[in-house]
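Coordinates in review
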Amino acid sequence: MISAPFAALLITAFAPSVDTPTFPADFHGRWDLSAEACNRDESGTALTINARQIIGYEDTSTLKSAHVLDGGSLHVFVDNESADGDREIQMVIWRSSDGGEWLNIEGDSRPRAVRYARCGA
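Computed from a predicted model, the values in this text were never measured in an experiment. (Residues numbered from 1 in each chain as written. Predicted model: local features only at pLDDT ≥ 70, side-chain atom pairs only at ≥ 80, totals over all residues. Heavy atoms only, no water.)

All right, on to the pairing of strand β4 (residues 59–68) then. Relative to β4, strand β3 (residues 53–55) runs antiparallel, the two sharing three bridges. Looking at the pairing, Ile55 lines up with Thr60 of β4. Where β3 folds back on β4, the antiparallel hairpin that results is connected by three residues. Adjacent in sequence and paired antiparallel, β4 and strand β5 (residues 74–82) are bridged by five residues, among which Gly71 carries a positive phi angle near 85°. (Pairing = 2+ DSSP bridges. Helix = DSSP H or I, 4+ residues; strand = E, 2+ residues; numbered from the N terminus.)

In structure tokens form, the structure reads like this:
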């Protein structure tokens with residue numbers, strides 16, 4: 001039988017951390033450089049954002065930290081894994097003010113903002 005203090009320790013050790021950063025739900029989904037690119041089955045420019053990752057054609061970035069800036073944009077640090085090597089990247093991500101159908105990403109790997117269209121569900 002497990003003692004109460006040990007059981008509490010196990011529950012605490014395996015409970016999800018409230019400090020685990022996540023991308024807000026309205027950033028989740030598939031994004032690509034244009035509506036036409038969204039319609040291609042295998043686009044090399046598409047990316048998918050879920051709660052903890054940005055998944056691209058040849059790389060995956062896992063969220064390390066996220067800070068909401070004025071206007072709802074995010075300043076994030078991600079651990080990027082790709083064939084070119086693993087590294088930490090910082091980015092600013094923001095959605096368009098026209099209902100959020102466009103996503104803009106700027107940062108270490110994108111010194112000029114890159115605009116992505118939301119792909120249909």
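On to the nonpolar core, then. Of all hydrophobic cores here, the largest spans 16 residues; its most connected members are Phe23, Ile49, Val76, Met91, Ile93 and Leu103. Breaking this core down by element, the ones donating at least two residues are β2 (47–49), β5, β6 (87–95) and β7 (102–107). (Core = buried A, V, L, I, M, F, W, Y, C linked by side-chain atoms within 4.5 Å. Buried < 20%, exposed > 50% of the residue type's maximum accessible area, 1.4 Å probe, protein only.)

Before going further, it helps to spend a moment on the environment of Ile49. Position of Ile49 among the secondary structure elements: in strand β2. Distance in space between the C-alpha atoms of Ile49 and Asp26 is 9.8 Å, their sequence separation being 23 residues. Ignoring any residue separated from it by four or fewer positions in sequence, one finds Ile49 in contact with Phe23, Phe27, His28, Gly29, Trp31, Ile54 and Leu103. (Contact = heavy atoms within 4.5 Å.)

A few words now on the layout of surface pockets. Approximately 470 Å³ is the volume found for the largest pocket. Lining the largest pocket are 22 residues, with Glu58, Asp59, Asn80, Ser82 and Arg110 positioned closest to its centre. If you list the elements that add at least two residues to the lining of the largest pocket, you get β4, β5, β6 and β8 (110–118). At three residues, the largest contribution of residues to the lining of the largest pocket is made by β6. Of the residues belonging to the lining of the largest pocket, the class tally is nine nonpolar, eight polar and five charged. (1 Å grid on protein atoms, 1.4 Å probe; cavity = no way out; pocket = protein on both sides within 12 Å on 5 of 7 lines; lining within 4 Å. Points joined across faces, edges and corners; volume = space filled by probe spheres on them. Nonpolar A, V, L, I, M, F, W, Y, C, P; charged D, E, K, R; others polar.)

Spatial strand order, β1-β2-β3-β4-β5-β6-β7-β8: eight strands in a closed barrel with antiparallel pairing. Within this sheet the neighbouring strands show an average axis-to-axis angle of 35°, counted without direction. (Axes fitted to C-alpha atoms, helices over the stretch in contact; angles between N-to-C directions.)

A separate point is the side chain of Ser61. Tracing the chain through its elements places Ser61 in strand β4. Taking relative accessible area as the criterion, Ser61 reaches 6% and is therefore assigned buried. Separated by 2.7 Å, the side chains of Ser61 and Asn80 make a polar contact. Leaving out residues up to four positions away in the same chain, Ser61 has contacts with Arg52, Gln53, Ile54, Val78, Asp79 and Asn80. (Polar contact = N/O pair within 3.5 Å; in protein donor to acceptor, adjacent residues only side chain to side chain.)

Let us look at the pairing of β5. The pairing of β4 with β5 spans nine bridges and is antiparallel. Residue pairing for β5: Ala66 is matched across the bridge by Val76. Two successive antiparallel strands, β5 and β6, enclose a turn made up of four residues, where Gly85 displays a positive phi of approximately 120°.

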